Amino acid sequence: MKGKIVIDKEFCKGCQFCIAFCPKKAVQISAKRNTKGYAYAEYDKTKKCSGCATCALVCPEATIEVYRE
Amino acid sequence: MNKQLMYGTHAIGEAAIQAGCTCYFGYPITPQNELPEYMSRRLTEVPGGVFIQAESELASINMVLGASVAGARAMTSSSSPGISLKQEGISFLAGMELPAVIVNIVRGGPGLGNIAPAQSDYFQATRGGGHGDYRIVVLAPASVQELADMTFAAFDLADEYRVPVMVMGDGMLGQLMEPVVMPVRKKKKLPEKDYILTGAKRRPARLVKSLILDTKAMEDHNWKLMRKYRRIEQNETRWESFLLDDAEMVVIAYGTAARIARGAINRLRREDESIRVGLIRPITLWPFPTDVLKKASQKIKDFFVFEMSAGQMVEDVRLALDGSGTIHFYGRPGGVVPTPAELARSIARHYYQSQRKQKK
Amino acid sequence: MKKVFSRPKSLRKVSMHYCPGCGHSIIHRLIAELLDELKLRDKTICVPPAGCAVLAYYYLDIDMVEAPHGRATAVATGIKRVHPKNLVFSYQGDGDLAAIGTSEALHAANRGEQITVIFVNNAVYGMTGGQMAPTTLAGQKTTTSPFGRDPKIEGPPIRVCELLATLHNTSYLERVAVNSPAHIKKTKNALRKAFEHQKKNTGFSLVEILSPCPTNWRMDPLQSCKWIDEVMVKEFPLGVLKEVKC
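Residues numbered from 1 in each chain as written. Chains lettered and ligands numbered in written order. Predicted model: local features only at pLDDT ≥ 70, side-chain atom pairs only at ≥ 80, totals over all residues.

Colleague: Would you explain the environment of B:A264 in this entry?
Modeller: All names here are of chain B. Among the structural elements, A264 can be located in helix 9 (residues 255-271). You can call A264 buried: it has 28 C-beta atoms within 10 Å. Sequence separation between A264 and G335 is 71 residues; the distance between their C-alpha atoms is 19 Å. With residues up to four places along the chain from it excluded, the contact list for A264 reads P340, L343, A344 and I347. (Helix = DSSP H or I, 4+ residues; strand = E, 2+ residues; numbered from the N terminus. Buried ≥ 20, exposed ≤ 12 C-beta atoms within 10 Å, placed from the backbone. Contact = placed C-beta atoms within 7 Å.)

The structure is reproduced here in structure tokens:
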């Protein structure tokens with residue numbers, strides 16, 4: 001199964017739940033910060049996202065959209 | 001409706017039902033228990049009627065808040081110590097601009113005090129009672145008929161201005177049996193309840209709250225409340241006078257005390273035709289009939305305040321007169337109800353002393 | 001590709017004020033998802049608490065009324081009695097429900113009010129800065145139990161679900177957590193069940209949710225998720241405490 005995620009970085013507070021719970025390790029912390037000052041989570045396109053939506057499930061900010069084929 | 005003989009507390013209950021009250025929440029406390037008892041039976045006959053004997057005063061006033069925000073006409077009742085507990089909810093009702101009717105059958109205090117009739121909750125009632133800048137309308141009936149009429153009117157007032165309204169009686173009025181004609185509800189134009197919560201169907205979600213973290217917005221909200229209170233002062237101040245035309249001294253008393261004062265004045269005038277004493281009886285304690293007293297002070301120089309307390313309304317009289325005229329005071333705190341004869345003696349003493357002084 | 005997960009409609013598109021890793025925001029989203037899925041948004045009235053979650057009304061797009069601290073179940077009682085067909089739930093923290101509002105909660109439960117309580121247990125007073133709560137664990141340090149809660153002096157933590165399970169008119173009581181994907185799914189199911197119980201008027205329902213408060217626990221978000229598993233769950237075992245036939 002192939003999938004992808006879209007993260008609205010301005011809503012992210014960098015709690016890293018998505019990173020910790022992603023089974024494919026397809027989310028990483030950005031070196032940049034958003035306007036609130038948080039180092040935000042970003043989709044690592046080099047990894048194989050399956051679209052399982054675990055990251056979105058644990059995201060406190062409801063800021064991850066998940067797409068699946 | 002026909003004239004019927006009723007207990008004061010029952011008259012309050014029936015008048016509330018006639019006014020469309022469908023929700024009563026309360027907690028037992030003497031001397032007002034006959035009211036919840038009446039409502040527990042009567043509300044079963046009303047469509048959508050809700051009666052809950054709550055676990056506390058706090059719970060009951062907050063159930064009133066819930067029923068009110070849901071759009072129902074809701075009330076609670078208690079006596080002094082219980083009313084103290086309700087102040088939290090009353091402050092919230094005022095802040096959220098929710099209508100509610102609260103009946104206080106006042107008893108002697110402070111603390112547990114006693115269960116005798118008293119007027120020692122005047123400050124608490126007329127200054128809002130809880131925290132924050134707010135007022136509630138306070139009605140002071142003096143007969144069973146008025147308990148009914150004012151309870152009835154309280155619901156309209158509460159809805160009209162979106163404020164908590166208190167009907168403040170005492171143990172004597174509550175226990176009294178008198179003939180009463182129940183008021184009948186007529187179509188009255190009241191503001192549409194466009195704030196109530198019913199589930200956000202085909203409209204944006206509604207929010208009723210008193211938390212306003214932004215100080216400027218909170219200030220604006222306070223000024224908005226104050227403008228509303230000024231409107232209430234202009235439109236709803238009520239009082240009555242008795243034998244005022246020739247009066248050289250005016251007694252100021254409300255509720256049960258005003259009944260006693262009438263008796264005392266009648267007695268004095270009967271005993272000595274030269275005695276010219278009249279009565280001004282505030283019917284709304286807030287808003288207080290300040291202008292009436294001010295106007296009276298142009299002609300009359302002696303004001304005799306009688307309260308069944310150590311002296312609370314007397315401060316409002318002092319504020320109203322603002323230095324013009326002499327204020328005399330007779331107070332009986334602690335649940336003592338003096339006889340008209342006792343009061344008459346005190347009035348006469350002050351009256352004659354004052355007359356002598358004027359002659360000098 | 002097909003969109004399989006996005007922000008629920010009943011959750012407004014605004015950034016929430018909660019700290020990073022706070023459980024409140026997850027719980028808000030789960031509620032919003034359920035209201036969307038069960039098509040209950042326009043029938044729901046919520047009573048948010050005094051505390052961090054008071055601002056829930058800026059996030060959940062439903063009718064809301066504030067309650068004084070601890071009185072949410074009394075306010076909800078008044079609403080539900082007037083509108084028996086609406087879904088009425090209160091959202092309360094541990095201080096709100098298990099300290100200042102114990103009486104209201106207990107008696108609403110005992111009367112079997114047809115309401116749902118969403119009880120967020122994070123073992124501290126959050127909004128006021130991390131003081132000891134009725135659910136603070138033995139030995140847990142807070143700003144008012146700086147040497148750790150001493151059960152001999154401060155009493156042991158109160159187990160709300162167990163307490164309410166003894167009351168006849170409670171219909172559904174479950175303790176869940178929002179510290180892992182599996183637990184979050186279970187929490188959503190528990191909330192769904194509670195709402196279904198309310199729909200069928202089976203009595204008073206309550207879902208207790210163990211929820212991370214990284215800021216006041218002085219932990220990072222992931223540590224606090226772990227702490228729930230390793231410490232908190234031992235004092236507050238997860239599972240259904242009571243369920244009557246629906």
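What follows continues from the structure just given.
Colleague: Looking at this structure, how should I read the pairing of strand 4 (residues 74-78) of chain B?
Modeller: Residues and elements named next belong to chain B. Buried residues dominate strand 4, accounting for five of its five residues. Burial along strand 4 is two-sided: A74, T76 and S78 and M75 and S77, pointing in opposite directions, are all buried. Sheet topology note: the strand 2 (residues 23-26)/strand 4 ladder contains two bridges and is parallel. Of the residues in strand 4, the one forming a bridge with C23 is A74. Relative to strand 5 (residues 100-106), strand 4 runs parallel, the two sharing four bridges. Paired with M75 across the two strands is V101, which belongs to strand 5. (Pairing = 2+ DSSP bridges.)

Colleague: Honestly, the domain arrangement of chain B in this entry has me stumped. Any pointers?
Modeller: Frequently, the measure chosen for interface size is the accessible area that the parts lose on association. Residue and element names in this part refer to chain B. Domain annotation for chain B reports domain 1 (3-236) and domain 2 (239-359). Contacts between domain 1 and domain 2 engage 28 residues on the former and 21 residues on the latter. Of all the secondary structure elements, the ones that give two or more residues to the side of domain 1 that touches domain 2 are helix 5 (122-126), strand 6 (137-139), strand 7 (164-170), helix 7 (171-175) and helix 8 (215-236). Per-element tally for the side of domain 1 that touches domain 2: the top contributor is helix 5, with four residues. The class makeup of the residues in the side of domain 1 that touches domain 2 is 17 nonpolar, six polar and five charged. (Domains from an automatic or database assignment. Nonpolar A, V, L, I, M, F, W, Y, C, P; charged D, E, K, R; others polar.)

Colleague: In this structure, what is going on with helix 6 (residues 144-161) of chain B? I would like to understand it.
Modeller: Spacing of three or four residues puts side chains on the same side of an α-helix, whose turn is 3.6 residues. All names here are of chain B. Here helix 6 contains 18 residues, and its C-alpha end-to-end distance of 26 Å stays within 8% of the 26 Å for a straight helix at 1.5 Å per residue. Summarising burial for helix 6: 15 of the 18 residues are buried, a large majority. Count one or two residues on from helix 6 and you reach R162, which has phi positive near 55°. (Expected span 1.5 Å × (residues − 1).)

Colleague: Would you mind going over the sheet that holds strand 4 (residues 64-68) of chain A with me for this structure?
Modeller: One key point about sheets: their strands pair by backbone hydrogen bonds, in either a parallel or an antiparallel sense. Taken together, the three strands give an open sheet; going across it, the order is 1(A)-4(A)-1(C), and neighbouring strands pair in antiparallel fashion. Of all strands in the sheet, those bounded by a partner on one side alone are strand 1 (3-7) of chain A together with strand 1 (2-5) of chain C. Recorded for the sheet is a direction-independent mean angle of 35° between the axes of neighbouring strands. Judged from the five bridges that link them, strand 1 of chain A and strand 4 of chain A form a sheet pairing that is antiparallel. (Axes fitted to C-alpha atoms, helices over the stretch in contact; angles between N-to-C directions.)

Colleague: Sorry, what's going on with the interface of chain A and chain C here?
Modeller: In this complex, chain A contributes 24 residues to the contact, which on the side of chain C involves 21 residues. Sorting the residues of the side of chain A that touches chain C by element identifies strand 1, helix 1 (17-21), helix 2 (54-58) and strand 4 of chain A as the ones contributing at least two each. Each residue belonging to the side of chain A that touches chain C can be placed in one class, and the counts come to 13 nonpolar, five polar and six charged. Direction of pairing for strand 4 of chain A relative to strand 1 of chain C: antiparallel, over a ladder of three bridges. If you follow A:V66 over to strand 1 of chain C, its bridge partner there is C:F5.

Colleague: Just checking my understanding: could you explain the packing of helix 3 (residues 57-69) of chain B against helix 4 (residues 80-96) of chain B for this structure?
Modeller: Between two packed helices, the angle of one axis relative to the other and the distance separating the axes together describe the packing. Residues and elements named next belong to chain B. With their axes 8 Å apart at the nearest point, helix 3 and helix 4 run at an angle of 30° to one another. Judged on the interaxial angle alone, helix 4 and helix 3 are roughly parallel. Crossing of helix 3 over helix 4 shows right-handed handedness. Where helix 3 approaches helix 4, its residues E57, L58, I61, N62, V64 and L65 are matched on the opposing element by G82, L85, K86, E88, G89, I90, F92 and L93. Its residues assigned to classes, the contact of helix 3 with helix 4 shows eight nonpolar, three polar and three charged. (Parallel < 35°, antiparallel > 145°, perpendicular 65-115°, else oblique. Left-handed = near helix turned anticlockwise from the far one by under 90°.)

Colleague: Help me understand unusual backbone geometry, please; the structure alone is not making it clear to me.
Modeller: Negative phi characterises most residues that are not glycine, and trans characterises most peptide bonds. B:P110 follows B:G109 through a cis peptide bond whose omega is 0°. Tracing the backbone through its elements, the reader meets B:P110 in the loop between strand 5 and helix 5. Omega for the bond connecting B:W286 with B:P287 falls within 30 degrees of zero, at 0°, which places this linkage in the cis form. For B:R202, which is not a glycine, the phi torsion comes out positive at approximately 50°. Within the secondary structure, B:R202 is located in the loop between strand 8 (177-181) and strand 9 (207-208). For B:R202, a count of 5 C-beta atoms within 10 Å gives the class exposed. A positive phi angle, near 65°, is found at C:A123, a position not held by glycine. Structurally, C:A123 can be placed in the loop between strand 5 (116-121) and strand 6 (124-125). Take C:A123: there are 29 C-beta atoms within 10 Å of it, and that puts it in the buried class.

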